[in-house]
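Here is how the chains run, residue by residue.
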Amino acid sequence: SLGSPQPLPPGSSAGDQNLFTSVYPTLSQQLPREPMEWRRSYGRAPKMIHLESNFVQFKEELLPKEGNKALLTFPFLHIYWTECCVSTSEGKRTRGGIGLKMSVALCMEGLSQIVCSCLCRCVVLSDPLKDSSRTQESWNAFLTKLRTLLLMSFTKNLGKFEDDMRTLREKRTEPGWSFCEYFMVQEELAFVFEMLQQFEDALVQYDELDALFSQYVVNFGAGDGANWLTFFCQPVKSWNGLILRKPIDMEKRESIQRREATLLDLRSYLFSRQCTLLLFLQRPWEVAQRALELLHNCVQELKLLEVSVPPGALDCWVFLSCLEVLQRIEGCCDRAQIDSNIAHTVGLWSYATEKLKSLGYLCGLVSEKGPNSEDLNRTVDLLAGLGAERPETANTAQSPYKKLKEALSSVEAFEKHYLDLSHATIEMYTSIGRIRSAKFVGKDLAEFYMRKKAPQKAEIYLQGALKNYLAEGWALPITHTRKQLAECQKHLGQIENYLQTSSLLASDHHLTEEERKHFCQEILDFASQPSDNPGHKIVLPMQSFAQLRDLHFDPSNAVVHVGGVLCIEITMYSQMPVPVHVEQIVVNVHFSIEKNSYRKTAEWLTKHKTSNGIINFPPETAPFPVSQNSLPALELYEMFERSPSDNSLNTTGIICRNVHMLLRRQESSSSLEMPSGVALEEGAHVLRCSHVTLEPGANQITFRTQAKEPGTYTLRQLCASVGSVWFVLPHIYPIVQYDVYSQEPQLHVEPLADSLLAGIPQKVKFTVTTGHYTIKNGDSLQLSNAEAMLILCQAESRAVVYSNTREQSSDAALRIQSSDKVTSISLPVAPAYHVIEFELEVLSLPSAPALGGESDMLGMAEPHRKHKDKQKTGHCMVTTDHKVSIDCPWSIYSTVIALTFSVPFRTTHALLSSGTRKYVQVCVQNLSELDFQLSDSYLVDTSDSTDLQLVPLNTQSQQPIYSKQSVFFVWELKWTEEPPPSLHCQFSVGFSPASEEQLSISLKPYTYEFKVENFFTLYNVKAEIFPPSGMEYCRTGSLCSLEVLITRLSDLLEVDKDEALTESDEHFSTKLMYEVVDNSSNWAVCGKSCGVISMPVAARATHRVHMEVMPLFAGYLPLPDVRLFKYLPHHSAHSSQLDADSWIENDSLSVDKHGDDQPDSSSLKSRGSVHSACSSEHKGLPMPRLQALPAGQVFNSSSGTQVLVIPSQDDHVLEVSVT
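Residues numbered from 1 in each chain as written. Predicted model: local features only at pLDDT ≥ 70, side-chain atom pairs only at ≥ 80, totals over all residues. Heavy atoms only, no water.

**A look at the packing of helix α17 (residues 475-492) against helix α18 (residues 495-506)**
- The N-to-C vectors of α17 and α18 enclose an angle of 150 degrees; their axes lie 9 Å apart at closest approach. Relative to α18, the element α17 lies roughly antiparallel. Our pair here, α17 against α18, has a crossing hand that is left-handed. Of the residues in α18, those touching α17 at Thr 479, Arg 482, Lys 483, Ala 486, Gln 489 and Lys 490 are Asn 497, Tyr 498, Thr 501, Leu 504 and Leu 505.
- Residue composition of the contact of α17 with α18, grouped by class: 4 nonpolar, 4 polar and 3 charged. (Axes fitted to C-alpha atoms, helices over the stretch in contact; angles between N-to-C directions. Helix = DSSP H or I, 4+ residues; strand = E, 2+ residues; numbered from the N terminus. Parallel < 35°, antiparallel > 145°, perpendicular 65-115°, else oblique. Left-handed = near helix turned anticlockwise from the far one by under 90°. Contact = heavy atoms within 4.5 Å. Nonpolar A, V, L, I, M, F, W, Y, C, P; charged D, E, K, R; others polar.)

Here it is in structure tokens:
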């Protein structure tokens, strides 16, 4: 008997039939228990399968004939059964059936070799009916061999079958090749896979047949048709839909085999087999997806093949097929699965609804009067094409056949079924978020209701669809839906809504010109009708009627004074297809007075307004969204992903970087075509323009208004009236305002330059803003003359009169009359809200503040405040304020202005000495940006001393001084008698700007006063350093001798008479303190660095001081500084100083040489300060006071002297001081 997988076709068997019958039950049970690995050719993945056997008795007619293509009836394996004797372990021979061990010899071979020629094909099954371990082992070996040989034979024959099928497919271009024949061959292979429960492989066979047939149909449509396709081009006579309730539709299969099947028959059978396999694979939702594709493709294939189809037949086939697929899926899934997978089935519901609607329209079931005789005949023909109901659905109450037949039976039944399907489809679409599809079905419902004369039901669906289209930007569906909505609103008598929709359609460029004119005329016709209520106004949005493009103010700054005229020109772009006569265009204006807004001047307002006076308005939201072409361009970029290990290319693709811009949901501003709700504003302030004809496109409209009340006016609303219809722009944005001001007269004085310079003529600009005051003949400005500032009168001075828009109105000569106290300026005649401008020259005296004394270090005199002068530190110019009181003709109060002048020069002085000879140096620094020419410099003693002479050392009479530069002047002091204790000097120098020509007036010289005190030299100090004995030069680290010689140069003078002066029998003396300081740290002073001496007040009196110093560096070193102080008696309230007795020393007193070789800390610190020598033990005691001698009383004759210091021989590091 043949063992083959159930239900594979049987093989053949021979031998002892009774013996086989006895072991068959065990064989049929044990064979499919263990899986086998099935390895196939062409690199296909191996699979684990279970083999089931069907054994038949061998007959000669079972052997395959030549050319046989049947795989199901093909015998795979021949098994020969026989009983034989087997020797026992004792060497005896036994026979079965009599209690001896028996064995069954099985000879298995392929049909190609009936005779067994190989021992590997022989298997012995020992005692098959007993229950023993040996028997079980025998059965296991037998079953393993049987499975292996059976699978080998099946694989071998299956591969040969596939090769033959592939060869047959490759002959498809030859004449006479038949698709139906090839279909049956490949389906045979699909059956085999299905019997092996390899449903995926079986499905692949049908998918290949589907793709092959589809390609031939496409080629036929392109003009490359196959002859066998003519069998499928026969007219469609039956349209009973898909049959999915039987595993195999044998009727349609036989028609394909006989080459009598139509296109619908082939597609129906092919899909039914795919559906069966998909359900075996538990993929019901793919059935729904494939079904929807099949139904759409069949419609197109019938058109490509030019198959004759009766009207409505294809709609019936699609409707029945949709319901059949849905019911088939419902039969294998529970309700929870169906509800959670609505997204896969809703397309079939929608398609069925669409086809039922088409059938209703075709059969006259939607018309107002019902179906006529022609419609009834067509319905009968369609029902006849359905044929009789199939037995498998005859007992189903809601079968597709019964539903269609009932829906076409009457108007009421059709309406019930169509509404049920439509509502169910809308609900499903909505539940899965496909709003657009739901609205599309609703739009079909609205069309149905409009045909049924129920516009009140249609409106809500049209509004919903329109809202969705507006949100997503579908321009053409918007236009089509609005046309339907307009018709619906007209039937409902919704006048305002209808006019609003008509205005939108009249401006819609997706309509033809005639359609736009029709809707525009609808508005004009209604507007021309007499109204029952004369005061009633229909308010519509303006965006569909016209758009505001720009606005222009004249004057451009949108500022006008009270009584002035303001012009506003707007550009309106009419979107109507014909000229429209507008009775009036009104702009509602909101008036407001903010806090202190009435005080705003034209100057202030101008700074806050646009310069050109043009305001552009952004494009308003269109009544329909812009086309998809206005979306941003796709930003596509290549994407590569490489392996991190070897950098090989793994994947490549294209990404869109601006997908967020392309797929974002757009919200529409006008979601529903409902009443706009725009309200007309009623106000006292309006701008009006009457009887305007708006041509299609841009129109210029001008409003003129005369300002009456000061404040801010905001343009709020734009309205255009056509009869009783008012088109309103509720809010004008961006905000548009103009200001009306009432201004008080004002006087403003400002310099033309950044700063006014004293001493030279400077121009000052006078600006008179007349405001509401009118300047009459004889009006003048009365200026009180300042003491140190002159107002220069020029004959060519003129005044210019401007309007408030800065347009020159007139000019006139300026008449100026000046007296000692008052300067009168006559103003030219000027009307209100004008500006008078003129320029005057003023001159401030250039005197510098009087200064006295000398500077702390350099003898430089610093200026001090005088007459409330203002001075900044550093190198800033000294400034002086001059206040002028002005009486104006429009006010009883005086206006006080302050002009600030800067002195261009900064002057310092210094006292220079050369022994007893004295010199005065004056430095003039130019701090301004101008260059000047200096001349006639003088320095005089204001005390008129007869025995003192000031001899100038400057020989040039003219000398330039450039910006930021300085010029020095020097005089030598000479006297014949005792010099005075102090000098009161006045420096003067003439100056004029270097870049200008000769001035019309003479300028006053620049003066500078200062005082010099104690300038006579009383003491001469001389210092000298000597190398150690036996050395020619000083060495670093070696002590050297410092000798200081203090010499009195004059006898007793008036300046000596102070607290330090003491009188003895022989002469007067004074106490001095000396200090040796080395600020450059070149020397270390050893021992005491300071001391107090009693100095005789007599000419040539000398005091010597000796001390030791140590050079710290090599090179030419400057000598340490020697300072002198007056030593005054102590007062109890003064700060601590050292006791006098500890400081007094005699001429013969030498420097203390006791102590360490290194200088002590007190001597090192003495270089820094006089107070560094103080000792802590003297704190708290009353100490004397020190008074520094003026620089002019002490002359250091050794200043600038240097001493050569050579390095010591044992120094490893050489430090050289370079000065």
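**Things to note about the pattern of salt bridges**
- For the coordinates displayed, the defined rule picks out 42 salt bridges.
- The salt bridge partner of Asp 249 is Lys 246, with a shortest N-O separation of 3.7 Å.
- For Asp 249, a relative accessible area of 2% gives the class buried.
- Note that Lys 490 and Glu 522 form a salt bridge whose closest N and O atoms lie 3.5 Å from each other. A residue pair is termed long-range when its members are at least 10 positions apart, and Lys 490 in helix α17 and Glu 522 in helix α19 (residues 513-528) qualify at 32 residues.
- Taken together, the shared-partner salt bridges in this structure form one network comprising Glu 200, Asp 207, Arg 283, Glu 286 and Arg 290. (Salt bridge = Lys/Arg side-chain N within 4 Å of Asp/Glu carboxyl O. Buried < 20%, exposed > 50% of the residue type's maximum accessible area, 1.4 Å probe, protein only.)

**Comments concerning helix α11 (residues 373-386)**
- For α11, built from 14 residues, the straight-helix expectation of 20 Å at 1.5 Å per residue is met to within 8% by its first-to-last C-alpha distance of 20 Å.
- Taken residue by residue, α11 has Asp 375, Thr 379, Leu 382, Gly 385 and Leu 386 as its buried positions. Down the axis of α11, the buried set is contained in an arc of 120 degrees. They therefore lie on one face. Across from the buried face of α11, at angles greater than 90 degrees, the exposed residues are Ser 373, Val 380, Asp 381 and Ala 384.
- The elements touched by buried residues of α11 are α8 (313-332), α10 (342-362) and α13 (400-407).
- Its side-chain oxygen 3.2 Å from the backbone nitrogen of Glu 374, Asn 372 forms the N-cap of α11.
- Phi turns positive, to about 70 degrees, at Gly 387, one or two residues after α11. (Expected span 1.5 Å × (residues − 1). Arc of directions from axis to C-beta. Polar contact = N/O pair within 3.5 Å; in protein donor to acceptor, adjacent residues only side chain to side chain.)

**Quick look at the confidence of the model for the protein**
- Within the protein, residue pLDDT values average 81, and 83% of them lie at 70 or more.
- Within the model, pLDDT remains below 50 along residues 88-101, and this stretch shows 18 contacts once partners closer than five positions in the same chain are excluded.
- The low-confidence segment residues 623-627 (pLDDT under 50) makes 18 contacts with residues lying over four places distant or belonging to another chain. (pLDDT = per-residue confidence, 0-100.)

**Let's talk about unusual backbone geometry**
- Going from Asp 554 to Pro 555, the amide bond is cis rather than trans, its omega being 10 degrees.
- Mapped onto the elements of the fold, Pro 555 is located in the loop between β8 (546-554) and β9 (559-561).
- With an omega of 5 degrees, the peptide bond between Tyr 733 and Pro 734 qualifies as cis.
- Turning to its location among the elements, Pro 734 is positioned in the loop between β18 (725-729) and β19 (736-741).
- Phi at His 691 takes a positive value of approximately 55 degrees, unusual for a residue other than glycine.
- Secondary-structure assignment places His 691 in strand β15 (residues 686-694).
- Using a relative accessible area of 62% as the deciding quantity, one classes His 691 as exposed.
- One non-glycine residue, Tyr 833, lies in the positive phi region at around 55 degrees.
- By secondary structure assignment, the location of Tyr 833 is in the loop between β28 (822-826) and β29 (834-844).

**Remarks on the sheet that holds strand β21 (residues 756-757)**
- The strand order across the open sheet built from 6 strands is β21-β31-β30-β23-β28-β27, with neighbouring strands paired in mixed fashion. Two strands lie at the open edges of the sheet, namely β21 and β27 (815-818), each paired on one side alone.
- By the bridge criterion, 5 bridges tie strand β23 (residues 780-784) to β28 in an arrangement that is antiparallel. Bridging from a neighbouring strand, Ser 784 pairs with Val 822 of β28. (Pairing = 2+ DSSP bridges.)

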